[in-house]
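Below, each chain spelled out in residue letters.
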Amino acid sequence: MSTVHVVDHPLVQHKLTLMRQTECSTKDFRQLLEEIAMLMAYEVTRDLPLQEIEIETPVAKCKSKIIAGKKLGIVPILRAGLGMVDGVLCIVPSAKVGHIGLYRDPETHLPVEYYCKLPTDVSERDLIVVDPMLATGGSAIAAIDFIKRRGCKRITLMCLVGCPEGIDALQKAHPDVDLYIAAIDDHLNENKYIVPGLGDAGDRLFGTK
Ligand code: PRP
Ligand code: URA
């Protein structure tokens, strides 16, 4: 079974509280999402393997550690996942970025795919799939299904707000995918929105309705 890591760092929790509030502007929402993504990426990359190399400081030669050549990729689920890409890139600037376009059908609440472009060497990369919301889990599950069909084996999902229903569904569908999340909320309402959540993440990020 996959591991669920709740990122309870005070900075993440503080910024998430600001984002949840109805009065948070589009500009602030966008900035806070980027900042949280950067802080969460620090946790997601905690176990990257290191190797020792010889270096020379102004004072002496010594051995020092660098990341051992892991190839990383970031895959935002459009639209709202886009708001997390720059934050992750701040700390892993050489990661490649793929895109998966999915929206939830308003009647069935099932994900509908409309776009996919992944790095050509995706099967050699460790991928971080990003999307602020994990509601029914349908979008994340469909995106990960798609990526796995392209040969990628090492996938981590990074979300902001989820709920027990979405986490259960993700773990059943993809028991090998670890989840990093800032908050696990109470439940889904009749429209499959997370309660209390933060509303429609895509609309709040881009100022649409
Ligand atoms: C939102 C969100 C997730 C999805 C989560 O996207 O960004 O992708 O809903 O819901 P689920 O877990 O029930 O699938 P939405 O479908 O609203 O599309 P948008 O980002 O284009 O607005
Ligand atoms: N998508 C969102 O943007 N918010 C929710 O609460 C559920 C799905």
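This text follows the structure it describes.
These figures come from a predicted structure and were not determined experimentally.

*Asks:* So what's going on with the layout of surface pockets? Residues and values would help.
*Replies:* The method is simple in principle: a probe with the dimensions of a water molecule rolls over the atoms, and the space it marks as empty is what remains. The computed volume of the largest pocket comes to approximately 610 Å³. Along the wall of the largest pocket there are 30 residues; nearest its centre are R104, M133, S139, Y193 and D200. Among the elements of the structure, β4 (72-78), β6 (99-104), β9 (133-134), α4 (138-149) and α6 (201-206) are those that each provide at least two residues to the lining of the largest pocket. Counted by class, the lining of the largest pocket contains 15 nonpolar, nine polar and six charged residues.

*Asks:* Account for the pattern of salt bridges, naming residues and giving values.
*Replies:* A complete count under the given rule lists 10 salt bridges for this structure. A salt bridge links K71 to E124, with the shortest nitrogen-to-oxygen separation between them at 3.0 Å. Here E124 lies in the loop between β7 (111-117) and β8 (126-130) and K71 lies in the loop between β3 (61-67) and β4, a separation of 53 residues in the sequence. When salt bridges that share partners are traced, they join K71, D121, E124 and R125 into one network.

*Asks:* Got a sec to walk through a nonpolar patch on the surface? Specific residues and values, please.
*Replies:* There is a patch of nonpolar side chains on the surface, built from M38, Y42 and I91 and spanning about 280 Å² of accessible area. Secondary-structure assignment places I91 in helix α3 (residues 82-91).

*Asks:* Quick rundown of the site of ligand 2? Include the residues and the values.
*Replies:* Neighbouring residues of ligand 2: R104, M133, A135, K192, Y193, I194, G199, D200 and A201. At a separation of 2.8 Å, an oxygen atom of ligand 2 approaches a polar backbone atom of I194. Between ligand 2 and A201 there is a distance of 2.8 Å, counted from an oxygen atom to a backbone nitrogen or oxygen. Here ligand 2, which alone exposes 230 Å², has 89% of that area covered by the protein. Its atoms largely coinciding with the cavity grid, ligand 2 occupies the largest pocket. For the shell around ligand 2, a count of residues per class yields five nonpolar, one polar and three charged.

*Asks:* Just give me the short version of α3, but keep the residues and values in it.
*Replies:* For α3, the set of buried residues is G83, M84, V85, G87 and V88. Summarising the contacts, the buried residues of α3 are in contact with α2 (26-44), β4, β5 (96-97), β8, β10 (155-162) and α6.

*Asks:* An account of the packing of helix α1 (residues 10-20) against α2 is requested, with residue identities and associated values reported.
*Replies:* Running from N to C, α1 and α2 cross one another at 160°; their axes reach a closest spacing of 10 Å. Put simply, α1 runs roughly antiparallel to α2. Read as a crossing pair, α1 and α2 show a hand that is left-handed. Within the contact between the two elements, α1 uses L11, V12, K15, L16, L18 and M19 and α2 uses F29, L32, L33, E35, I36 and L39. Tallied by class, residues from the contact of α1 with α2 come to 10 nonpolar, no polar and two charged.

*Asks:* So what about the side chain of K15? Which residues, and what values?
*Replies:* In this fold, K15 is placed in helix α1. Judged by relative accessible area, which is 17%, K15 ranks as buried. At 2.7 Å, the side chain of K15 and the side chain of E35 are in polar contact.

*Asks:* Go over α4 with me, naming the residues and quoting the values.
*Replies:* An ideal rise of 1.5 Å per residue puts 16 Å on 12 residues; α4 measures up with 17 Å between its terminal C-alpha atoms. Three or more residues of α4 are buried, namely G138, S139, A140, I141, A143, I144, F146 and I147. Positive backbone phi, approximately 100°, marks G151, located one or two places after α4.

What counts, and at which threshold
- Residues numbered from 1 in each chain as written.
- Chains lettered and ligands numbered in written order.
- Predicted model: local features only at pLDDT ≥ 70, side-chain atom pairs only at ≥ 80, totals over all residues.
- Heavy atoms only, no water.
- 1 Å grid on protein atoms, 1.4 Å probe; cavity = no way out; pocket = protein on both sides within 12 Å on 5 of 7 lines; lining within 4 Å.
- Points joined across faces, edges and corners; volume = space filled by probe spheres on them.
- Helix = DSSP H or I, 4+ residues; strand = E, 2+ residues; numbered from the N terminus.
- Nonpolar A, V, L, I, M, F, W, Y, C, P; charged D, E, K, R; others polar.
- Salt bridge = Lys/Arg side-chain N within 4 Å of Asp/Glu carboxyl O.
- Patch = residues over 30% accessible without salt bridge, like charges linked within 9 Å, V, L, I, M, F, W, Y side chains within 5 Å.
- Areas by Shrake-Rupley, 256 points an atom, 1.4 Å probe, with all protein chains shown as cover.
- Near = heavy atom within 4 Å.
- Polar contact = N/O pair within 3.5 Å; in protein donor to acceptor, adjacent residues only side chain to side chain.
- Sits in = over half its atoms within 2 Å of the grid points.
- Buried < 20%, exposed > 50% of the residue type's maximum accessible area, 1.4 Å probe, protein only.
- Contact = heavy atoms within 4.5 Å.
- Axes fitted to C-alpha atoms, helices over the stretch in contact; angles between N-to-C directions.
- Parallel < 35°, antiparallel > 145°, perpendicular 65-115°, else oblique.
- Left-handed = near helix turned anticlockwise from the far one by under 90°.
- Expected span 1.5 Å × (residues − 1).

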